[in-house]
Amino acid sequence: MTLITLITEPWADYGLVDSGHGRKLERYGRFRFIRPEPQAMWAPASDRWEADGDFIGASDEDGGGKWHLSKDVPRGGWHVRWEELLFLAQNTPFRHLAFFPDMAAQWAWMRGRVAEGDEVLNLFGYTGVGTLALAAKGARMTHVDASKKSVEAGKSNAFLSDMADRPIRWMVDDAAKFAAREVRRGRRYDGIFLDPPKFGRGPEGEVWRLEENLPALIADCRALLDAESKFLVLTVYAVRMSALAIGELVRQALGDLGGTVEVGEMAVREEARGLLLPTAIFVRWSK
């Protein structure tokens, strides 16, 4: 296994402006927001932050909290771009902005490995920006999320990006159950990427616990890949888990396919000083 740091650089509609003292200041299109960030243990570059909104987290460990927004911020969201994609950013009750900008480096890496007509599966696909990033390169996508609202947001983003006619299967389903059914159907994919939560529930109340359920899901993902497949990407947020641990899980599950396994941290480069703010751990297999 190779240990690396995967860095997302600022782009026109997103940047980590500054960070420190447990918070971060980011720009999403024309707006700036402050959010809690426990890993920003250093001092910020500036003591004076000007923002259009601030998320005040709750005191309990389960998260929660509330946005305090200026009247200029559209409550229904606003448009942002990444490469050729146009999609909606919005202040959600879960403190994020309806997409994960640090995934941009993973999107770019996968886009460099797909070809026209490749079959790619996106599990826990959320609002579909990653799905559209690969569909734009000609991949035939299967997008799975347990939240009907998230899947509808993905369809809306496809419309905004003028990609509503692309070959995308939008599935409201429990990701683990869907993958298991695909194995029984004898399906195979050229690539798979998944971003499972620490805890979640499927559309019929199915319970997902990362530490308990991830090994079986990775085993099913292996069964959906073959010697001609190109990649698997797994990202993990907000959990006390090592990149080396998930790396070894994937290395053992996919070892018979050959190829390369990379593990490490994902990070966003701060604009003020160029320092790196860690956001998640990941493992990816490629061939």
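First, a word on scope: everything that follows refers to the structure included in this document. (Residues numbered from 1 in each chain as written. Predicted model: local features only at pLDDT ≥ 70, side-chain atom pairs only at ≥ 80, totals over all residues. Heavy atoms only, no water.)

Digging into the overall build of the chain
Looking only at helices and strands, one finds six helices and 17 strands in the chain. For the chain, whose C-alpha radius of gyration is 19 Å, the value lies close to the compact-globule estimate of 19 Å for 287 residues. C-alpha extents for the chain along the principal axes are approximately 55 × 40 × 35 Å. Every one of the 287 residues in the chain was classed for burial, and the buried ones make up 50%. Considering only residue pairs separated by 6 or more positions, the chain has 61% of its internal contacts joining residues 24 or more positions apart. For the chain, the accessible area works out to roughly 13300 Å², and carbon and sulfur atoms hold 50% of it. (Helix = DSSP H or I, 4+ residues; strand = E, 2+ residues; numbered from the N terminus. Rg over C-alpha atoms; globule rule 2.2 N^0.38 Å. Buried < 20%, exposed > 50% of the residue type's maximum accessible area, 1.4 Å probe, protein only. Contact = heavy atoms within 4.5 Å. Areas by Shrake-Rupley, 256 points an atom, 1.4 Å probe, with all protein chains shown as cover.)

Re a nonpolar patch on the surface
A cluster of nonpolar residues, Met1, Leu3 and Leu244, forms a patch on the protein surface that exposes about 330 Å² of accessible area. Assignment of secondary structure puts Leu3 in strand β1 (residues 2-8). (Patch = residues over 30% accessible without salt bridge, like charges linked within 9 Å, V, L, I, M, F, W, Y side chains within 5 Å. Salt bridge = Lys/Arg side-chain N within 4 Å of Asp/Glu carboxyl O.)

Some thoughts on the pattern of salt bridges
Summed over all chains, the structure comprises 21 salt bridges. Notably, a salt bridge pairs Arg269 with Glu9, separated by 2.7 Å at the nearest N-O pair. With Arg269 in strand β16 (residues 260-269) and Glu9 in the loop between β1 and β2 (14-20), this residue pair connects regions lying 260 residues apart in the sequence. Among the residues examined, Arg269 registers a relative accessible area of 26% and is labelled partly exposed.

Here we look at the sheet that holds strand β3 (residues 23-28)
Taken together, the five strands give an open sheet; going across it, the order is β2-β3-β4-β5-β6, and neighbouring strands pair in mixed fashion. Looking at the sheet topology across the chains shown, the edges are occupied by β2 and β6 (65-69). Sheet twist, expressed as the mean angle between neighbouring strand axes with direction ignored, is 20°. For strand β4 (residues 31-36) and strand β5 (residues 53-57), the ladder comprises two bridges, and the chain directions are parallel. Looking at β5, one finds that Phe33 is bridged to Gly53. (Pairing = 2+ DSSP bridges. Axes fitted to C-alpha atoms, helices over the stretch in contact; angles between N-to-C directions.)

Things to note about the side chain of Ser229
Here Ser229 is to be found in the loop between α5 (210-223) and β15 (231-236). A distance of 2.6 Å separates the side chain of Ser229 from the backbone oxygen of Tyr189, its partner in a polar contact. At a separation of 2.9 Å, a polar atom in the side chain of Ser229 contacts the main-chain amide nitrogen of Asp226. Discounting residues that sit within four places of it in the chain, Ser229 has contacts with Arg188, Tyr189, Asp190, Trp285 and Lys287. (Polar contact = N/O pair within 3.5 Å; in protein donor to acceptor, adjacent residues only side chain to side chain.)

Describing the sheet that holds strand β9 (residues 119-123)
The mixed open sheet is built from eight strands, whose spatial order is β1-β16-β17-β15-β12-β9-β10-β11. The strands lining the two open edges of the sheet, one partner per strand, are β1 and β11 (168-172). Each strand axis lies, on average, 20° off the axis of its neighbour in the sheet, ignoring direction. Summarising the sheet, β15 and strand β17 (residues 276-286) pair through six bridges and their orientation is antiparallel. Along β17, the bridge assignment pairs Val233 with Arg284.

Comments concerning the pairing of β16
Where burial is concerned, most of β16 is hidden: seven out of the 10 residues are buried. Bridge count between β1 and β16: seven bridges; the pairing is parallel. The residue of β16 that forms the bridge with Thr8 is Val268. Note that β16 and β17 share 10 bridges and pair antiparallel.

A word on the nonpolar core
Trp78, Phe99, Trp107 and Leu134 are the most contacted members of the largest nonpolar core, which has 48 residues in total. For Leu134, the residues in contact, after removing those within four places along its chain, are Trp107, Met110, Arg111, Val114, Val120, Ala139, Met141, Phe193 and Phe231. Residues Ile192, Cys221, Leu225 and Val239 belong to the second largest nonpolar core, which totals 32 residues. (Core = buried A, V, L, I, M, F, W, Y, C linked by side-chain atoms within 4.5 Å.)

With respect to the packing of helix α4 (residues 175-185) against α5
Following both chains from N to C, one finds α4 and α5 inclined at 35°, their axes separated by 9 Å at the closest point. As for the relative orientation of α4 and α5, their crossing is left-handed in sense. Residues Ala175, Ala176, Ala179, Ala180 and Val183 of α4 form the contact with α5, whose participating residues are Leu217, Asp220 and Ala223. Grouping the constituent residues of the contact of α4 with α5 by class yields seven nonpolar, no polar and one charged. (Left-handed = near helix turned anticlockwise from the far one by under 90°. Nonpolar A, V, L, I, M, F, W, Y, C, P; charged D, E, K, R; others polar.)

Digging into unusual backbone geometry
Most peptide bonds adopt trans geometry, and most residues besides glycine take a negative phi value. The phi torsion at Tyr126 lies on the positive side, around 55°, for a residue other than glycine. Residue placement: Tyr126 occurs in the loop between β9 and α2 (129-135). Backbone geometry at Asp162 places phi at a positive 60°, although glycine is not the residue there. With respect to the helices and strands, the residue Asp162 is situated in the loop between α3 (148-160) and β11.

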